[in-house]
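Residue-level listing of the chains:
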Amino acid sequence: AQSVTQLGSHVSVSEGALVLLRCNYSSSVPPYLFWYVQYPNQGLQLLLKYTSAATLVKGINGFEAEFKKSETSFHLTKPSAHMSDAAEYFCAVTRFNAGNNRKLIWGLGTSLAVNP
Amino acid sequence: DGGITQSPKYLFRKEGQNVTLSCEQNLNHDAMYWYRQDPGQGLRLIYYSQIVNDFQKGDIAEGYSVSREKKESFPLTVTSAQKNPTAFYLCASSKGAGYGYTFGSGTRLTVV
């Protein structure tokens, strides 16, 4: 069965510093992987996704993530944090050959704080 | 523009009342989902539907009910059997496994 672990429920960085949010997954078949962002009292917005093409995926707002099969990881990074990046971030996985089973398995989320 | 609309944004329920949360999408997606979100607990799946007139229980279906009579609509009823309904509820839809989900903006339900 698939599972997702996000290391660190709270991460704090200074404005301009590197953002690194960690996500490790477990899957017996090639996965699809996703990162979502949620601002307070809003729905989730897709940041980026990995669907077996390039292992380095670029998303919106300057974020990117690298799929590393050997480490079963899909960490999210941004070179320079901005105050507007403060939000909750969720990693999710689903199966490559999901057929009609399209459910995403979610991590518990990482709350990112950006300090001036 | 296509998207998912959840209404109302805020909802207050009295003890013993049933309330219905609306979710409408114009994305032509087959699959729709309801999640409950509580602080520190991530997203918990309540119900999902892969096709019209069919739906399955998620991880926390007790005290909730749904219907899927139209492709565009997937309303969630929070019944009086749900003892702790205060939470943020999110509706989502999906085109397929590789596309991820599109989310609505959520409904915050509070018991008064």
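Residues numbered from 1 in each chain as written. Chains lettered and ligands numbered in written order. Predicted model: local features only at pLDDT ≥ 70, side-chain atom pairs only at ≥ 80, totals over all residues. Heavy atoms only, no water.

It is worth spelling out the state of the cysteines at this point. Enumeration according to the criterion identifies 2 disulfides over all chains in this entry. Note that A:Cys23 is cross-linked by a disulfide to A:Cys91, the S-S spacing being 1.9 Å. Judged by the sign of its S-S torsion, about -65°, the cystine formed by A:Cys23 and A:Cys91 is left-handed. With A:Cys23 in strand 3 (residues 19-26) and A:Cys91 in strand 9 (residues 87-95), this residue pair connects regions lying 68 residues apart in the sequence. With respect to burial, A:Cys23 and A:Cys91 carry one shared label: buried. Disulfide partner of B:Cys23: B:Cys91, at an S-S distance of 1.9 Å. Given an S-S torsion of about -75°, the disulfide between B:Cys23 and B:Cys91 has left-handed geometry. Of this pair, B:Cys23 sits in strand 3 (residues 19-25) while B:Cys91 sits in strand 9 (residues 87-94), and the two are 68 residues apart along the sequence. No difference in accessibility class separates B:Cys23 from B:Cys91, as the two residues are buried. (Disulfide = S-S within 2.5 Å. Helix = DSSP H or I, 4+ residues; strand = E, 2+ residues; numbered from the N terminus. Buried < 20%, exposed > 50% of the residue type's maximum accessible area, 1.4 Å probe, protein only.)

Turning next to the interface of chain A and chain B. Every contact between the two is made by 22 residues of chain A and, on the other side, 26 residues of chain B. Taken together, the two surfaces of chain A and chain B that pack against each other cover about 1,800 Å², and 54% of this comes from carbon and sulfur. Together, A:Asn41, A:Arg102 and A:Lys103 form the three largest contributors to the area buried by chain A at its contact with chain B, with a combined 36%. Summed over the shared surface of chain A and chain B, the result is 0 salt bridges. If you list the elements that add at least two residues to the side of chain A that touches chain B, you get strand 4 (31-38), strand 5 (44-50) and strand 9 of chain A. In terms of residue class, the side of chain A that touches chain B is built from 10 nonpolar, 8 polar and 4 charged. (Contact = heavy atoms within 4.5 Å. Buried area = accessible area lost by both parts, 1.4 Å probe. Salt bridge = Lys/Arg side-chain N within 4 Å of Asp/Glu carboxyl O. Nonpolar A, V, L, I, M, F, W, Y, C, P; charged D, E, K, R; others polar.)

Applying the stated rule across the entire model yields 18 aromatic pairs over all chains. Ring geometry for A:Phe90 and A:Trp106: centres 6.4 Å apart, planes at 85°, overall edge-to-face. Here the residue A:Phe90 occupies a position in strand 9, and A:Trp106 occupies one in strand 10 (residues 105-106), the gap between them amounting to 16 residues. Look at B:Tyr64 and B:Tyr89: their rings are 5.9 Å apart centre to centre, the planes differ by 65°, and that puts the pair in the edge-to-face class. Linking B:Tyr64 in strand 7 (residues 64-66) with B:Tyr89 in strand 9, this pair joins segments that are 25 residues apart in sequence. Across the pair, exposure class does not vary: B:Tyr64 and B:Tyr89 are buried alike. One aromatic cluster in this structure is built from A:Phe34, A:Tyr36, A:Phe90, A:Trp106, B:Tyr33, B:Tyr35, B:Tyr48, B:Tyr101 and B:Phe103. (Phe/Tyr/Trp six-rings, centres within 6.5 Å; stacked < 30°, edge-to-face > 60°.)

The next thing to look at is the nonpolar core. Residue and element names in this part refer to chain A. Among the nonpolar cores identified, the biggest contains 26 residues, and Trp35, Leu48, Phe74, Leu76 and Tyr89 are the most heavily contacted of them. Counting residues per element, the ones that place at least two in this core are strand 2 (10-14), strand 3, strand 4, strand 5, strand 7 (64-68), strand 8 (73-78), strand 9 and strand 11 (110-115). In this structure Leu76 touches Val19, Leu20, Leu21, Trp35, Leu47, Leu48, Phe63, Glu64, Ala65 and Tyr89, once residues within four positions along its chain are discounted. (Core = buried A, V, L, I, M, F, W, Y, C linked by side-chain atoms within 4.5 Å.)

On to the side chain of B:Thr77, then. Residues and elements named next belong to chain B. Position of Thr77 relative to the elements: it lies in strand 8 (residues 76-78). The class of Thr77 is buried, set by a relative accessible area of 19%. For Thr77, the side chain forms a polar contact with the side chain of Thr20, separated by 3.0 Å. (Polar contact = N/O pair within 3.5 Å; in protein donor to acceptor, adjacent residues only side chain to side chain.)

Cis geometry is adopted by the peptide bond preceding B:Pro8, which originates at B:Ser7 and carries an omega value of -10°. Not every positive phi belongs to a glycine, and A:Thr72 is a case in point at roughly 45°. With respect to the secondary-structure elements, A:Thr72 resides in the loop between strand 7 and strand 8. Residue A:Thr72 is classed as partly exposed on the basis of its relative accessible area of 32%. The phi angle at B:Asn53 is positive, at roughly 65°, despite the residue not being glycine. Inspection of the secondary structure assignment puts B:Asn53 in the loop between strand 5 (43-51) and strand 6 (54-57). On the basis of relative accessible area, B:Asn53 is assigned to the exposed category, the value being 62%.

Function cannot be read off these values alone, since they describe shape.
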